[in-house]
Protein chains: 4
Amino acid sequence: MPRPRSEKIRQSVLAAMRRALAAEGYEAVTIEGLAAEAEVSKQTIYRWWPSKAAILGEALLEGALPGAADPVPATADLSADLRAWFTAVSDGLAQPEGLAVARALIAVTTADPALGAALNERFAGPIAAGIVERIDTARAAGDVRADVDATVLAEQFIAVASYEALLGRPLDRDRVEAVVGIVLRGIAAG
Amino acid sequence: MPRPRSEKIRQSVLAAMRRALAAEGYEAVTIEGLAAEAEVSKQTIYRWWPSKAAILGEALLEGALPGAADPVPATADLSADLRAWFTAVSDGLAQPEGLAVARALIAVTTADPALGAALNERFAGPIAAGIVERIDTARAAGDVRADVDATVLAEQFIAVASYEALLGRPLDRDRVEAVVGIVLRGIAAG
Amino acid sequence: MPRPRSEKIRQSVLAAMRRALAAEGYEAVTIEGLAAEAEVSKQTIYRWWPSKAAILGEALLEGALPGAADPVPATADLSADLRAWFTAVSDGLAQPEGLAVARALIAVTTADPALGAALNERFAGPIAAGIVERIDTARAAGDVRADVDATVLAEQFIAVASYEALLGRPLDRDRVEAVVGIVLRGIAAG
Amino acid sequence: MPRPRSEKIRQSVLAAMRRALAAEGYEAVTIEGLAAEAEVSKQTIYRWWPSKAAILGEALLEGALPGAADPVPATADLSADLRAWFTAVSDGLAQPEGLAVARALIAVTTADPALGAALNERFAGPIAAGIVERIDTARAAGDVRADVDATVLAEQFIAVASYEALLGRPLDRDRVEAVVGIVLRGIAAG
DNA sequence: GGATAATCGAGACGGTACGTCGAGTCTTTCC
DNA sequence: GGAAAGACTCGACGTACCGTCTCGATTATCC
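Now for a look at the structure at hand. Note that the coordinates shown come from a computational prediction; the quantities given were computed from them, not determined experimentally. (Residues numbered from 1 in each chain as written. Chains lettered and ligands numbered in written order. Predicted model: local features only at pLDDT ≥ 70, side-chain atom pairs only at ≥ 80, totals over all residues. Heavy atoms only, no water.)

**Details of the environment of C:Thr44**
Turning to its location among the elements, C:Thr44 is positioned in helix H3 (residues 42-48). In the structure, C:Thr44 is positioned 34 residues away from C:Arg10 in sequence and 9.4 Å away in space, judged by C-alpha atoms. (Helix = DSSP H or I, 4+ residues; strand = E, 2+ residues; numbered from the N terminus.)

Shown next, in the form of structure tokens:
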């Protein structure tokens with residue numbers, strides 16, 4: 001009997017969050033401002049989301065996520081694949097929205113580590129999984145040493161990307177090359 | 001001619017910042033709370049520091065900084081040296097204060113990228129320099145490939161440490177081992 | 001649609017103002033103190049009143065006002081009537097609250113002449129009107145000279161009362177007698 | 001042996017007070033502003049004056065005081081004399097500085113009745129004395145009834161002037177005429 | 001002609017209040 | 001019952017003056 005939650009409202013709040021994120025940065029976003037921007041009452045926001053961070057999480061889940069949208073290619077050439085993928089990620093972080101989103105994710109995590117960890121799991125998890133899978137394929141093909149921990153490696157890429165986003169200093173071609181080069185040699189089969 | 005600035009007050013504010021950081025996290029720190037904790041008037045804080053972040057910066061410059069206090073050893077064994085250093089850094093981030101400080105640094109950077117970059121330069125810079133120096137020594141000794149960019153490598157370590165601090169998931173022995181292992185093989189001479 | 005303004009809060013702020021006025025005097029009244037005393041948030045006060053003076057004005061409009069409560073009697077004896085009325089006014093100013101209110105009115109006026117003039121119009125106006133009316137009646141009865149400006153006369157009484165309130169030196173019987181005596185003779189019909 | 005108090009400084013503070021009074025009104029005057037304006041240190045002000053009001057008092061004692069500078073004329077015509085004097089007083093209150101000074105006096109009194117009473121005694125006293133003297137002369141000449149209390153009468157004039165200053169509505173020719181007319185008839189000998 | 005002692009400028013300092021902002025919660029009315 | 005509108009409490013913001021407190025640096029006097 002009760003009136004169902006309005007999907008339109010939900011979308012307009014998430015959209016407002018995405019816009020605000022790019023425009024002012026996560027810390028500067030206020031629930032009040034979001035409500036005004038989305039033409040929704042504060043109460044409605046508080047009814048459906050427990051925190052600003054939760055809105056961010058939902059907004060990211062539904063919007064384009066830099067990195068998430070970049071699946072690791074799987075040609076026969078591991079080196080070229082990683083290079084291509086990492087380049088795509090860097091390009092994503094070079095876009096204003098991509099940078100804003102990544103930073104927002106970092107900001108949330110410093111404020112609420114538990115939630116941050118959950119969000120991270122949600123977003124970085126699949127990315128890491130993609131890399132691990134690609135490495136495993138390469139290992140099966142004999143291109144990668146048997147004792148390499150693919151998880152550690154995936155995290156290394158993610159850490160570098162995250163750090164560069166934090167500093168707002170996206171990696172250029174050369175640095176991508178250098179990072180991939182070092183790591184690849186580190187894991188290449190004897 | 002006027003009464004000189006009180007060094008005692010300065011120290012007590014910085015100490016209050018360090019205590020608050022460990023106890024509540026950077027975002028939860030309040031100028032008002034700081035003033036109360038340091039038994040100093042708000043006005044005095046506003047007179048000498050332009051922002052919460054500036055206090056943090058100064059507090060870090062004068063207090064123990066995790067990582068900064070850990071110089072890279074320089075024995076004949078590059079592998080052992082990096083392992084020892086990175087272990088020390090990880091241990092620093094496993095301490096509550098070390099973790100709090102690192103997270104605070106990250107939080108500041110998301111809120112004010114320019115200032116964050118400056119602080120980062122100030123703190124991460126010397127650390128990176130230490131690593132670069134160690135690598136160069138190793139290169140001179142023929143242990144490292146000539147074409148390796150030591151700067152990229154240093155940043156890789158810092159990025160990993162930073163990312164782990166962000167997630168509050170300090171590296172254990174095995175992960176340190178894995179990271180150093182991969183990187184080392186990646187740069188090892190022929 | 002929104003929740004309506006709370007009348008209870010409004011009353012409790014006005015009451016706090018009246019209490020504070022009598023206890024400490026207008027200048028010593030603080031918005032912060034008012035909020036605490038009325039158990040209301042500062043924000044709520046700022047939402048509804050633009051200034052301390054505005055609260056005072058409203059408080060007076062609704063509370064007992066010395067002088068306002070004393071209508072000019074209208075027996076056949078003009079002299080007795082004015083004497084009785086002016087005695088009542090003096091008695092009002094001899095009460096602590098009456099004195100506090102009168103002084104507050106004066107204090108507001110020195111700080112914000114425009115507002116003060118408005119308040120004065122609001123409070124002194126009706127009083128003056130009462131006197132003017134009584135004089136006109138007397139004039140019709142042939143007790144007062146035709147050329148007397150009743151307005152000037154009314155203001156003379158009010159000015160004396162105001163001045164005595166300012167100095168906190170309420171008029172005693174004899175002075176009331178003297179003032180009324182002089183004025184009455186001055187206006188008596190030939 | 002010690003260096004004596006600087007008269008120059010004293011004067012410059014008093015001058016600053018007079019200027020500030022006319023420019024912003026008594027309540028808006030701050031010790032800090034006074035110090036800046038007079039190019040004197042706060043400490044020096046606090047050394048020599050216990051309060052803002054004390055500075056005002058001293059400034060008035062030495063500066064031109066409206067009314068104080070207007071002695072009651074003493075020709076043979078009491079009516080003309082009072083008219084002339086009260087006109088002069090009204091004119092003084094019509095000047096910006098005169099008005100500012102009178103209002104400042106009133107403001108001080110509402111804030112600190114005791115000090116206000118003292119200042120009033122100091123300033124209004126001589127004026128009242130002048131009127132009383134003139135009335136007494138007139139009485140001796142048989143122009144004024146024997147039973148008239150000259151003090152009450154003097155205060156009546158002062159009260160009217162004060163009230164008009166408070167409201168910032170200086171008396172014009174006609175009102176001066178009306179006030180003096182009523183009072184004079186009220187005290188005229190049989 | 002120094003020594004000396006209070007004056008003075010500058011401004012640091014602990015307070016108190018200012019007026020504003022946003023976080024969350026609550027209440028009313030409309031749909 | 002969902003939603004808009006906005007009243008309400010709370011806590012922090014950054015600012016302005018208050019009155020007190022050091023600090024040199026600067027004079028007048030008096031030996």
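**Description of the protein's contact with DNA strand F**
If you check the shell around DNA strand F, you find 44 residues, and the closest are B:Met1, B:Tyr46, C:Ser6, C:Trp48 and D:Gln43. Looking at DNA strand F alone, sugar and phosphate atoms form 62% of those within 4 Å of the protein. Separating a phosphate oxygen of DNA strand F from a backbone N or O atom of B:Glu32 is a distance of 2.8 Å. In the model, a phosphate oxygen of DNA strand F is placed 2.5 Å from a nitrogen or oxygen of the B:Tyr46 side chain. Put simply, the parts of the chain that give the surface near DNA strand F at least two residues each are helix H3 (42-48) of chain A, helix H2 (31-38) and helix H3 (42-48) of chain B, H3 of chain C together with helix H2 (31-38) and helix H3 (42-48) of chain D. (Near = heavy atom within 4 Å. Polar contact = N/O pair within 3.5 Å; in protein donor to acceptor, adjacent residues only side chain to side chain.)

**Quick look at the interface of chain D and chain C**
On the chain C side, the residues contacting the 34 residues of chain D number 34 residues. Both faces considered, chain D and chain C share a buried interface measuring about 3100 Å² in area, 63% of it formed by carbon and sulfur atoms. Our enumeration of links across chain D and chain C arrives at 4 salt bridges. The partner of C:Glu155 in a salt bridge is D:Arg175, and the shortest N-O contact between them spans 2.7 Å. Of all the elements in the fold, those that place two or more residues in the side of chain D that touches chain C are helix H6 (96-111), helix H7 (113-140), helix H8 (150-167) and helix H9 (173-187) of chain D. For the side of chain D that touches chain C, the element with the highest residue contribution is H8(D), accounting for 12 residues. Taken together, the residues of the side of chain D that touches chain C break down into 20 nonpolar, 6 polar and 8 charged. (Contact = heavy atoms within 4.5 Å. Buried area = accessible area lost by both parts, 1.4 Å probe. Salt bridge = Lys/Arg side-chain N within 4 Å of Asp/Glu carboxyl O. Nonpolar A, V, L, I, M, F, W, Y, C, P; charged D, E, K, R; others polar.)

**Things to note about the protein's contact with DNA strand E**
Neighbouring residues of DNA strand E: 43 residues in total, closest A:Gln43, B:Ser6, B:Trp48, C:Met1 and D:Arg3. Looking at DNA strand E alone, sugar and phosphate atoms form 62% of those within 4 Å of the protein. One of the side-chain N or O atoms of C:Lys42 is found 2.8 Å from a base oxygen in DNA strand E. Mapped onto the surface near DNA strand E, the elements with two or more residues apiece are helix H2 (31-38) and H3 of chain A, H3 of chain B, helix H2 (31-38) and H3 of chain C together with H3 of chain D. Partitioned by chemical class, the residues of the surface near DNA strand E number 17 nonpolar, 12 polar and 14 charged.

**Concerning the packing of helix H9 (residues 173-187) of chain C against H8(D)**
As a packed pair, H9(C) and H8(D) sit with axes 10 Å apart at the nearest point and diverge in direction by 75°. Between H9(C) and H8(D), the angle is such that the two are roughly perpendicular. Across the interface between the two elements, C:Arg175, C:Ala178, C:Val179, C:Ile182 and C:Val183 from H9(C) touch D:Val152, D:Leu153, D:Glu155 and D:Gln156 from H8(D). A breakdown of the residues in the contact of H9(C) with H8(D) according to their chemical character gives 6 nonpolar, 1 polar and 2 charged. (Axes fitted to C-alpha atoms, helices over the stretch in contact; angles between N-to-C directions. Parallel < 35°, antiparallel > 145°, perpendicular 65-115°, else oblique.)

**Thoughts on unusual backbone geometry**
Here the phi dihedral of A:Glu39 falls at roughly 55°; this positive angle occurs in a residue that is not glycine. With respect to the helices, strands and loops of the structure, A:Glu39 is situated in the loop between H2 and H3.

**So, the interface of chain A and chain B**
In this assembly, 34 residues from chain A lie in contact with 34 residues from chain B. Both sides together, the interface formed by chain A and chain B hides about 3100 Å², and carbon and sulfur atoms give 63% of it. On the chain A side of the contact with chain B, A:Glu155, A:Tyr163 and A:Ile182 bury the most area, a combined 20% of that side's loss. Connecting chain A to chain B are 4 salt bridges. The set of elements that each furnish at least two residues to the side of chain A that touches chain B consists of helix H6 (96-111), helix H7 (113-140), helix H8 (150-167) and helix H9 (173-187) of chain A. Across the side of chain A that touches chain B, the residue classes break down as 20 nonpolar, 6 polar and 8 charged.

**Considering the relation of the copies chain D and chain C**
Mapping chain D onto chain C calls for a screw motion: a turn of 179° about the axis and a shift of 0.0 Å along it, with 0.2 Å RMSD after fitting. Both copies are brought into coincidence by an operation consistent with a two-fold rotation axis. Closest to the rotation axis within chain D is the C-alpha of D:Gly186, separated from it by 1.8 Å. Here 100% of the contact residues of chain D are again contact residues in chain C; the copies associate through an equivalent surface. (Least-squares fit on C-alpha atoms with pLDDT ≥ 70 in both.)

**Observations regarding the arrangement of the chains**
Nothing in chain B touches chain C; the tightest C-alpha to C-alpha distance between them is still 18 Å. Separating chain A from chain D is a minimum C-alpha gap of 36 Å, and the two share no contact.

**Details of the pattern of salt bridges**
Oppositely charged side chains are able to pair whenever their charged atoms sit close together. Residue and element names in this part refer to chain D. Applying the stated rule across the entire model yields 50 salt bridges over all chains. For Glu62, the salt bridge goes to Arg10, with nearest N and O atoms at 2.3 Å. With Glu62 in helix H4 (residues 52-62) and Arg10 in helix H1 (residues 7-24), the pair connects residues that are 52 residues apart, well separated along the chain. Glu62 gets classed as partly exposed once you look at its relative accessible area, which sits at 41%. A relative accessible area of 12% means that Arg10 is categorised as buried. With a closest N to O distance of 2.8 Å, Arg173 and Asp91 form a salt bridge. With Arg173 in helix H9 and Asp91 in helix H5 (residues 78-94), the pair connects residues that are 82 residues apart, well separated along the chain. For Asp91, a relative accessible area of 34% translates into the label partly exposed. (Buried < 20%, exposed > 50% of the residue type's maximum accessible area, 1.4 Å probe, protein only.)

**A short note on the packing of helix H1 (residues 7-24) of chain B against H2(B)**
Residue and element names in this part refer to chain B. H2 packs onto H1 with a crossing angle of 120° between their chain directions and a minimal axis gap of 9 Å. Pair H1 / H2 crosses with right-handed handedness. Residue-level inspection shows Ser12, Val13, Ala16, Met17, Arg19 and Ala20 of H1 in contact with H2, the latter providing Leu34, Glu37 and Ala38. Looking at the contact of H1 with H2 residue by residue, the class counts come to 6 nonpolar, 1 polar and 2 charged. (Left-handed = near helix turned anticlockwise from the far one by under 90°.)

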